[in-house]
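# An overview of the molecular structure
These are the residues of each chain, in order.
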Amino acid sequence: MATQAHGMGHAVKRKEDARFIRGKGTYIDDIKLPGMLYLDIVRSPYAHARIKAIHSEKAVAIPGVLAVITGKDLDKYGLAWMPTLMSDRQMVLPIDTVLYQSQEVAAVLATERYIAADGVAAVEVEYEPLPVVVDPRKALEPGAPILRQDREHKSNHIWHWEVGDKAAADTAFREAAVKVKQDIYIPRIHVSSIETCGCIARWEPVEGKLTLWMTTQAPHAIRTVVALVAGHLGLAEHKIRVIAPDIGGGFGGKVPVYPGYVLAVAASVLTGKPVKWIEDRMENMQADSFARDYHITAELAAQKDGTLTALRVKTIADHGAFDAAANPSKFPAGLFSICTGSYDFKSAFAEVDGVYTNKPPGGIAYRCSFRVTEASYMIERMADIVAHELGMDPAEFRLKNFIPPEAFPYQSPLGWTYDSGNYQAALRKAMEKIGYADLRREQAEKRKRGELMGIGISSFTEIVGAGPSHTFDILGLKMFDSAEIRIHPTGKVVARFGTKSQGQGHETTYAQIIAHELGIPEDDIVVEEGDTDTAPYGLGTYASRSTPVAGAAGAMAARKIRDKARKIAAHLLEAHEDDLAWERGKFYVKGSPDRAKTIQEIAFAAYTNHPQGLEAGLEAVSYYDPPNLTFPFGSYICVVDIDNGTGEVKIRRFVAVDDCGNIINPMIVEGQIHGGLTMGLAPALYEEITYDEDGNIRGGSFMDYLLPTAVETPRWETDKTTTPSPHHPLGAKGVGESATVGAPAAIANAVIDALWHLGVRHLDIPITPWKVWKVLRERGVTE
Amino acid sequence: MSEVASRISVAVNGTAHHAEVEPRLLLVHFLREVLSLTGTHIGCDTTNCGACTVLMDGRPVKSCTIFAVQADGREVMTVEGLARDGQLHPIQEGFHEQHGLQCGFCTPGMMMTGYALLQRTPNPSEAEIRWAISGNLCRCTGYVNIVEAIKHAAEKMRSAPAPAGGRS
């Protein structure tokens, strides 16, 4: 059967499924090299302690254990510390002090996986416990233990960041008729992709070449970082090859460099053998980058009629022991300044202070673009609080305050230029789909009977697709992305991208973009990513940047190919280029549609009969620097019923109307939204990592950290509006994270909506049955 | 390898395997490392995630919580045993057709659980499907399409039972 080119807007079934449904994917732990050694890690039981001694004798006495590596060993090679993306540094292994529980203390190298674990159990470490601080507010108090003795600046305060016009905001608050203030804590959570992190490092001493198979969302950036960090040891970038194999979920957790990766590289260089490191789930949850942990105080000012005028936000950001957030370099608080959301504020001011505590480092996304969920959740909670205080319907309040469609491109008071939007349309569609008016009537009746039912809205605006190179870089690397398309003589295609799919379906969607632009069937296009020896340089996949940046690069590279194909077609058809017209898949002479050359015929000619004066071949590469970010948006409405005996929150319905601009593959987009909604549900009702006063982690395994199962997860209802991005070559915006950003506030708002009449104004997420039961009991609703 | 080794015979996907294993070797490592059947994955240490689900004598088990020696004399079926003679099993077809997978890491375990459900409940309700897979975590899909995938397989299997499809 002849295959055809589908292109944009088609629910093309995924190409990558073929191997995954047969169990033939190649994830990191599936790779086994001859002579490979295994590395395992000794971790600290204390959150803050001095290391008095590390005794490795019993470990190395175990047959098969080859070495125990400590911080002092690494220090000899200048490798005990590594730089973070945020101009801080992080211990690979401590020389004398540990700063959080489960921190890496020593590495054991062995011939087999189980023997490495035996070795870890046999290493004895003597610690002297030191005072612990886990609350960032306490860490800022005078007399708090100073955690980072390695820093010149003897304080737990890392940085202060602010944006907006403080004087204008203060004036607006002085003049405001209505003012609302609320403390909001957005707890520490963990991405918990079902595959943990790991790598295999293979150092080939004769060639001086390092190959690093690694669970990374950004292979090229990793290659450059390795070259910069280990250049003094003879690792040069042309002899470093990073390969990201199939990745079992990323969500931001596979952006950073963890000590285990560095240790595997060091161990391979030390032994000249391949070294594998695979972390287990508890290591993954207890030591790898966390997300969120923002202590926010937010204030809104409004007129009596409910018109919003000003926003002030003050946040303390808990960064753990090292500032290892994964943000663009100029943005220590990420894109938190999207916090004016979907509303037309006259003035706004936001400030964030980063703080060290005795907790693991991080500050990564949790399926969201750089602190956007924190911003969106805050503003959507606050909008609901103001609406309720004024006795206004939260939908009516939003419709009144939305940035109007004619105001785009919209300049926000905190400095962003929103590309396009129609917030009213999305909310109205969601209201219609869920039957908003009927639900409000039902709620009123139920309330009379003492039944607890709530309706929550979240009308979020995202900011994704980082980003324009004038503003966005990571360690100086501009945040462009890339595509290279090679059309072979027979018209078949290999296309390589600077990004790396972790489940998003790039092998399919990128092929659709090329099919759309060139008329070549998706079946004839192979998409490759993740191998730095073959793919063009790119910054990777996170922050919903694949479609906005690399997808655009794919379209631009395809258009370069089409330009050359036109010249070849003119030569073949003996016509002038200007007399040719393009119809998907072929050029024809205007007015004579029979005189045509297909892209496949043109490809063959490019290698067999190219015109004089034109180079042979049909290939192109594009490094796409987006002119702006993209601003996907949506309106979500959630209906909850609360058991007034147990406090259990049951999601009855959840309608999500998303607008991500033009859609490449509606099936994949819907799948991304389903997954994103579930990762929005998770922190709203279930997930949180807490610490006791001694810094012991609570919630460090899947026994205690509750990922939603199929039973808790509702049957999501999705719909869409389409407002294309005016600056993206395909009008697309990106969608992988929208739902994670938008969903938590819809759920929390629904719960508070159900309880507002009882005098409940706010509950911090996760809204557990215990928290709800407690307020119900305090208010005499339950025993 | 420790000094104590046990001889085991396990039929995996219909093929008999004889091996000497450490008593502490987990079934999942036996499958992945000894037999090189890497389709069965490991996602947690606490028997919660279900990525390692295989069938033992037809029942879904979490192979990270079973020692290889416990599989001695038994029949094990893994994701690699679903397709027969190049023909996908309906459960595999369902996951592809209904976009029931994204990163693919939980997929083998999810399919094995779905397969086992359909063996005993050919026409499951949505609630039955959701409870059946509640021991298998997925972080990508939000489960909606996994439920659809299992329904798709159920329908297909009822209308045309798979020929030799997946024996355990």
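Since the structure is predicted, the reported quantities are computational estimates derived from the model, not experimental observations. (Residues numbered from 1 in each chain as written. Chains lettered and ligands numbered in written order. Predicted model: local features only at pLDDT ≥ 70, side-chain atom pairs only at ≥ 80, totals over all residues. Heavy atoms only, no water.)

## Here's the deal with the domain arrangement of chain B
All names here are of chain B. Here the domain parsing of chain B yields domain 1 (6-81) and domain 2 (90-159). A separation of 21 Å is found between the C-alpha centroids of domain 1 and domain 2. At the boundary of domain 1 with domain 2, total buried surface from both sides reaches about 1,100 Å², with 68% on carbon and sulfur atoms. Looking at the side of domain 1 facing domain 2, the largest losses of area belong to H41, T53 and V79, adding up to 37% of the total buried there. Between domain 1 and domain 2 we count five residue pairs in polar contact (both at pLDDT 80 or more) in total. Put simply, the parts of the chain that give the side of domain 1 that touches domain 2 at least two residues each are strand 3 (53-56) and strand 4 (59-62). (Domains from an automatic or database assignment. Buried area = accessible area lost by both parts, 1.4 Å probe. Polar contact = N/O pair within 3.5 Å; in protein donor to acceptor, adjacent residues only side chain to side chain. Helix = DSSP H or I, 4+ residues; strand = E, 2+ residues; numbered from the N terminus.)

## Comments concerning the packing of aromatic side chains
Residue and element names in this part refer to chain A. Summed over all chains, the structure comprises 26 aromatic pairs over all chains. Ring centres 6.4 Å apart and planes at 45 degrees place the aromatic pair F480 and Y537 in the tilted group. Within this pair, whereas F480 is found in the loop between strand 23 (477-478) and strand 24 (481-487), its partner Y537 is found in the loop between strand 26 (525-529) and helix 15 (546-573), the two being separated by 57 residues in sequence. Three or more aromatic residues link up through ring pairs in this structure, and these residues are Y343, F402, F408, Y410, Y418, Y423, F631 and F633. (Phe/Tyr/Trp six-rings, centres within 6.5 Å; stacked < 30°, edge-to-face > 60°.)

## Overview of the environment of A264 of chain A
All names here are of chain A. Residue position: A264 is located in helix 8 (residues 259-271). The class of A264 is buried, set by a relative accessible area of 0%. Residue contacts for A264: discarding those within four places in its chain leaves L39, C199, A201, V275 and W277. (Buried < 20%, exposed > 50% of the residue type's maximum accessible area, 1.4 Å probe, protein only. Contact = heavy atoms within 4.5 Å.)

## Looking at the interface of chain A and chain B
Counting residues at the interface gives 58 residues for chain A and 51 residues for chain B. Contact between chain A and chain B buries roughly 4,500 Å² in total, counting both sides, with carbon and sulfur atoms accounting for 55%. Three residues, I21, Y114 and I194 of chain A, lead the burial of chain A against chain B; their summed loss comes to 18% of the area buried on that side. Remark: the boundary between chain A and chain B carries eight salt bridges. One salt bridge in this structure joins K32 of chain A and E33 of chain B, with 3.5 Å as the shortest N-O distance. The tally of links from chain A across to chain B stands at 28 residue pairs in polar contact (both at pLDDT 80 or more). At the level of elements, helix 1 (17-20), helix 4 (113-122), helix 9 (281-287) and helix 17 (666-686) of chain A are the ones that each hand at least two residues to the side of chain A that touches chain B. By residue number, the principal contributor to the side of chain A that touches chain B is helix 17 of chain A, which donates nine residues. (Salt bridge = Lys/Arg side-chain N within 4 Å of Asp/Glu carboxyl O.)

## Description of the side chain of K209 of chain A
All names here are of chain A. Along the chain, K209 falls in strand 12 (residues 209-214). Owing to a relative accessible area of 18%, K209 belongs among the buried residues under this scheme. A polar contact is formed between the side chain of K209 and the side chain of D533, at a distance of 3.0 Å. Contacts of K209, omitting those with residues within four sequence positions, involve R202, W203, E204, K239, R241 and D533.

## Points about the environment of A430 of chain A
Residues and elements named next belong to chain A. Position of A430 among the secondary structure elements: in helix 12 (residues 423-434). In the structure, A430 is positioned 150 residues away from D280 in sequence and 42 Å away in space, judged by C-alpha atoms. Not counting the four nearest positions on each side in its chain, A430 is found in contact with S635, I637, V655 and V657.

## With respect to the layout of surface pockets
Here the largest pocket is characterised by a volume of approximately 940 Å³. Lining the largest pocket are 42 residues, and of these R113, I278 and D280 of chain A together with H29 and D45 of chain B sit closest to its centre. Put simply, the parts of the chain that give the lining of the largest pocket at least two residues each are strand 1 (37-43), helix 4, strand 14 (275-278) and helix 9 of chain A together with helix 1 (27-34) of chain B. Looking at side-chain class alone, the lining of the largest pocket contains 22 nonpolar, six polar and 14 charged residues. Empty space within the second largest pocket amounts to approximately 730 Å³. (1 Å grid on protein atoms, 1.4 Å probe; cavity = no way out; pocket = protein on both sides within 12 Å on 5 of 7 lines; lining within 4 Å. Points joined across faces, edges and corners; volume = space filled by probe spheres on them. Nonpolar A, V, L, I, M, F, W, Y, C, P; charged D, E, K, R; others polar.)

## Observations concerning the sheet that holds strand 30 (residues 619-624) of chain A
All names here are of chain A. Taking strand neighbours across the sheet as the criterion, the four strands line up as 26-25-24-30 in an open arrangement whose pairing is mixed. Looking at strand neighbours, the two that pair on one side only are strand 26 and strand 30, the edges of this open sheet. Ignoring strand direction, the axes of neighbouring strands in this sheet form an average angle of 15 degrees. As paired strands, strand 24 and strand 25 (residues 493-497) are joined by five bridges and run antiparallel to one another. Bridge pairing links E484 to R496 in strand 25. (Pairing = 2+ DSSP bridges. Axes fitted to C-alpha atoms, helices over the stretch in contact; angles between N-to-C directions.)

## Overview of empty space enclosed by the protein
For the coordinates displayed, the defined rule picks out seven cavities of 30 Å³ or more. The computed volume of the largest cavity comes to approximately 480 Å³. Looking at the lining of the largest cavity, the elements with two or more residues in it are helix 14 (506-518), helix 15 and helix 17 of chain A. Roughly 70 Å³ of volume is contained in the second largest cavity. Taken together, 15 residues make up the lining of the second largest cavity; nearest its centre are C103, G104, C106, C138 and C140 of chain B. Here the residues of the lining of the second largest cavity sort into eight nonpolar, six polar and one charged.

## Some remarks on the nonpolar core
The tendency in soluble globular proteins is for nonpolar side chains to be buried as a group. Counting residues in each nonpolar core, the largest one holds 229 residues, and the members touching the most others are M378, W416, F654 and L755 of chain A together with F95 of chain B. The element contributing the most residues to this core is helix 18 (residues 738-755) of chain A, with twelve residues. Setting aside anything within four residues of it in sequence, one finds L755 of chain A in contact with L452, I642, V760, L763, V772, V775 and L776 of chain A. One finds I514, A550, A605 and I664 of chain A within the second-largest nonpolar core, a separate group that totals 43 residues. (Core = buried A, V, L, I, M, F, W, Y, C linked by side-chain atoms within 4.5 Å.)

## What to know about the pairing of strand 3 of chain B
Looking along a regular strand, one sees the side chains alternate between the two faces of the sheet. Residue and element names in this part refer to chain B. Of the two faces of strand 3, the one holding T53 and L55 and the one holding V54 and M56 are both buried throughout. Bridge count for strand 3 against strand 4 is four bridges, and the pairing is antiparallel. Within strand 4, the residue paired with T53 across the bridge is K62.

## Quick word on the side chain of N156 of chain A
Residues and elements named next belong to chain A. Take N156: it is sitting in the loop between helix 5 (136-139) and strand 9 (157-164). Owing to a relative accessible area of 2%, N156 belongs among the buried residues under this scheme. For N156, the side chain forms a polar contact with the main-chain oxygen of P145, separated by 2.9 Å. In this structure the side chain of N156 is engaged in a polar contact, spanning 3.1 Å, whose partner is the backbone nitrogen of L147. Residue contacts for N156: discarding those within four places in its chain leaves A139, A144, P145, I146, L147, G354, V355 and Y356.

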